[in-house]
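Reading the structure
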Amino acid sequence: MPTSDEVDRIVDAWTRERPDLDFTPLQVLSRVGRLARHLDRARRTAFAASDLESWEFDVLSALRRAGAPYQLSPKSLLQQTLVSSGTMTNRIDRLVQRTLVERRTDPNDGRGILVVMTPLGTERVDAAIAQLVTAEAELLDALSPLDQERLAILLRKLSLDFD
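Conventions adopted
Residues numbered from 1 in each chain as written. Predicted model: local features only at pLDDT ≥ 70, side-chain atom pairs only at ≥ 80, totals over all residues. Heavy atoms only, no water. 1 Å grid on protein atoms, 1.4 Å probe; cavity = no way out; pocket = protein on both sides within 12 Å on 5 of 7 lines; lining within 4 Å. Points joined across faces, edges and corners; volume = space filled by probe spheres on them. Helix = DSSP H or I, 4+ residues; strand = E, 2+ residues; numbered from the N terminus. Nonpolar A, V, L, I, M, F, W, Y, C, P; charged D, E, K, R; others polar. UniProt positions renumbered as here; feature names shortened; annotations may be inferred. Axes fitted to C-alpha atoms, helices over the stretch in contact; angles between N-to-C directions. Parallel < 35°, antiparallel > 145°, perpendicular 65-115°, else oblique. Left-handed = near helix turned anticlockwise from the far one by under 90°. Contact = heavy atoms within 4.5 Å.

The protein chain goes by DNA-binding MarR family transcriptional regulator in an unreviewed UniProt entry, where it is assigned to Conyzicola nivalis.

1. Remarks on the layout of surface pockets
The computed volume of the largest pocket comes to approximately 1200 Å³. Around the largest pocket sit 31 residues that line it, and Arg31, Leu35, Leu140, Leu143 and Leu151 are the ones nearest its centre. Breaking the lining of the largest pocket down by element, the ones donating at least two residues are α1 (6-17), α2 (24-49), α6 (119-139) and α7 (145-159). Looking at the lining of the largest pocket residue by residue, the class counts come to 18 nonpolar, 5 polar and 8 charged. A volume near 180 Å³ is recorded for the second largest pocket. Together, Arg43, Phe57, Asp58, Ser61, Ala62, Arg64, Arg65, Gln80, Thr81, Val125, Asp126 and Ile129 line the second largest pocket. Elements represented by at least two residues in the lining of the second largest pocket include exactly α3 (54-65), α4 (74-81) and α6.

2. Things to note about the UniProt feature "domain: HTH marR-type" (unreviewed entry) in the protein chain
The feature "domain: HTH marR-type" (unreviewed entry), as given by UniProt, occupies residues 25-160 in the numbering adopted here. Secondary structure over residues 25-160 splits into 69% helix and 12% strand, and the C-alpha atoms at its two ends are 18 Å apart.

3. Regarding the packing of α4 against helix α5 (residues 85-97)
Contact geometry of α4 with α5 gives a least axis separation of 10 Å together with a crossing angle of 110°. Our classification of the angle between α4 and α5 gives roughly perpendicular. For the element pair α4 and α5, the recorded crossing hand is right-handed. Residues Pro74, Leu77, Leu78 and Thr81 of α4 touch α5, and the partners they reach there are Ser85, Met88 and Ile92. Residues that form the contact of α4 with α5 fall into these classes: 5 nonpolar, 2 polar and no charged.

See the structure below:
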C-alpha cells in the first residue's frame, strides 16, 4: 500500500514554494474534499441505479425516516433538506409528477397539506439506500471498524460547530 497520496505531493510542493505558511489544514481538509468527490460519485451511481436524482433521494429519505405512513408537512421537509420553500414546492411538484409522492389534505388542519410517499417512492428509496450503504462501505474498506469509529468521532467533533 502506498505511503503517500496526491495531497502529500500537493502539500510538499506548496511547502517548498511557500515555506512561510503552515499547510497542516490542507493535510486534513484537502483529503476530506477529495473523499467528498468520491462519495458524491458513489451516491450519484447508487441513486441512478434506483432511477432517482440526489435531491429526490433527499426528500424521499426524509419521508422514509419519518416511519409509516411516510408523510411529512412541507415545512418539516424544508427543515430536513435545507432548501427554500420555493425549491421544496418545485421538488414536491416533480415528485408528484413521477408518482413518487402524493399531496393530501392534513386531517388535523384542513388548510394544510401532507406529502405522502407512494409505494413506488418507498420501493425506490429503499433500493437506493441499500445500494448507498454498500457503496459507502466500499469507500471505507481500507479502514478497520475501530478506525472507522474513531474517524466518525473526530468528524462529528469537527462538524458540531457547523450543524
